[in-house]
Amino acid sequence: MATAAGPQWLEDSNPKARRAASSFEHTRAVSSRAVGGESSSSASGAGGTERAPSAALDAFNRAKSGDKAVAALVSYDHVDGEPETIAAFLLANDGKLDASKVGDYLGGRDAAARETARIVIGSLSLRGVPLDSALRLMISFIKLPGEAQKIDRVMEAFAGAYYHANPDPFYHQDACYVLAFSIIMLNTDLHSTKIAAENKMTLPSFWRQAEGINGSTDLPQEMLTTIYHAIKGDEIRMLGGGEEASLSRAGWRHLGGGEGGG
């Protein structure tokens, strides 16, 4: 996502990645809706990648998986298989693509998928945005995949981008990673109809859950309190059906709760 100061990128990003970020026109509306701030400016074009013809979009959306969706684009000669051009396609055609296929591909384990995820998620303007609001922003246009390991990889890319934009008060990006999962589990706990009201997580419980995740320094209690009330007052709507169980398993693994959790 481009801003007046330029897109929020990792320092080793290349010009193609920057152009990919600047193509993300829909980000203006998403950013305003998700975090309640002013919309950011955005330039059209993605390093020469124009909006795709309908045949390429249909092939992407009809594919049975994210990998097959991208393979279809390569067969149409619309992308060359490099992460920069795949990311440029995803960003330039946001709103026209099956979000579940996008999330499924970005959660892939191969190097191209991981780099594409880094570019796409790294295009978000996250500086100064609270972590829970940043999660809302990402999830508003990338549907998290239904497999726990793929969720892990998407969240890893998200944590890296968020930590780069907001290093304080985090000791390491792993703290962002674990706190992001903690927020997702809090969201599930507070808003699941399967958990009785008397068993839902309290604010002190959320504080305790965050203890020890930030090295030798605890995260600010004021920040955690703000996050708790934001999630309690406004559910993050992410998934549906059986996918919620995969998300819960991924979260509890990182929070030291085994396979439990609601």
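Note: the structure precedes this text.
Residues numbered from 1 in each chain as written. Predicted model: local features only at pLDDT ≥ 70, side-chain atom pairs only at ≥ 80, totals over all residues. Heavy atoms only, no water.

Caption draft 1: Structural context of the overall build of the protein. Each helix and strand in the protein was counted, giving 13 helices and 0 strands. Secondary structure elements in the protein, listed N-terminal to C-terminal, are α-α-α-α-α-α-α-α-α-α-α-α-α. Across the protein, the fraction of contacts at a sequence separation of at least 24, relative to all contacts at a separation of at least 6, is 68%. Carbon and sulfur atoms make up 48% of the accessible area of the protein, which totals about 11,900 Å². (Helix = DSSP H or I, 4+ residues; strand = E, 2+ residues; numbered from the N terminus. Contact = heavy atoms within 4.5 Å. Areas by Shrake-Rupley, 256 points an atom, 1.4 Å probe, with all protein chains shown as cover.)

Caption draft 2: Structural context of the nonpolar core. Counting 66 residues, the largest nonpolar core has Met-138 and Leu-179 as the members making the most contacts within it. No other element matches the 11 residues that helix 10 (residues 173–191) contributes to this core. Those residues within four positions of Met-138 in sequence are excluded, and the remaining contacts are Ile-121, Leu-124, Leu-144, Val-154, Met-155 and Phe-158. (Core = buried A, V, L, I, M, F, W, Y, C linked by side-chain atoms within 4.5 Å. Buried < 20%, exposed > 50% of the residue type's maximum accessible area, 1.4 Å probe, protein only.)

Caption draft 3: Spatial organisation of helix 4 (residues 66–75). Among all positions in helix 4, only Gly-66, Ala-69, Val-70, Ala-72 and Leu-73 are buried. The arc enclosing the buried residues of helix 4, seen along the axis, measures out at 150°, which places them on a common side. In helix 4, the exposed positions that point more than 90 degrees away from the buried face belong to Lys-68 and Ser-75. Elements that come into contact with the buried residues of helix 4 comprise helix 3 (54–62), helix 5 (83–92) and helix 6 (99–106). Positive phi appears at Asp-77, one or two residues downstream of helix 4, with a value of about 60°. (Arc of directions from axis to C-beta.)

Caption draft 4: Looking closely at the pattern of salt bridges. Within this structure, the stated rule accounts for 6 salt bridges. Between Lys-150 and Asp-104 there is a salt bridge, with the nearest N and O atoms lying 2.7 Å from each other. Highlighted residues: Lys-150 in helix 9 (residues 148–165) and Asp-104 in helix 6, separated in sequence by 46 residues. (Salt bridge = Lys/Arg side-chain N within 4 Å of Asp/Glu carboxyl O.)

Caption draft 5: Broad picture of the packing of aromatic side chains. One pass over the structure, following the stated rule, counts 5 aromatic pairs. Ring centres 5.9 Å apart and planes at 45° place the aromatic pair Phe-60 and Phe-89 in the tilted group. One end of the pair, Phe-60, is in helix 3; the other, Phe-89, is in helix 5, and 29 residues separate them in sequence. Judged by relative accessible area, Phe-89 falls into the buried class, the value being 0%. Judged by centre distance (6.3 Å) and plane angle (80°), the rings of Tyr-162 and Phe-170 are edge-to-face. As far as burial versus exposure is concerned, Tyr-162 and Phe-170 are alike and both buried. (Phe/Tyr/Trp six-rings, centres within 6.5 Å; stacked < 30°, edge-to-face > 60°.)

Function-wise, these values are silent; they only describe arrangement.
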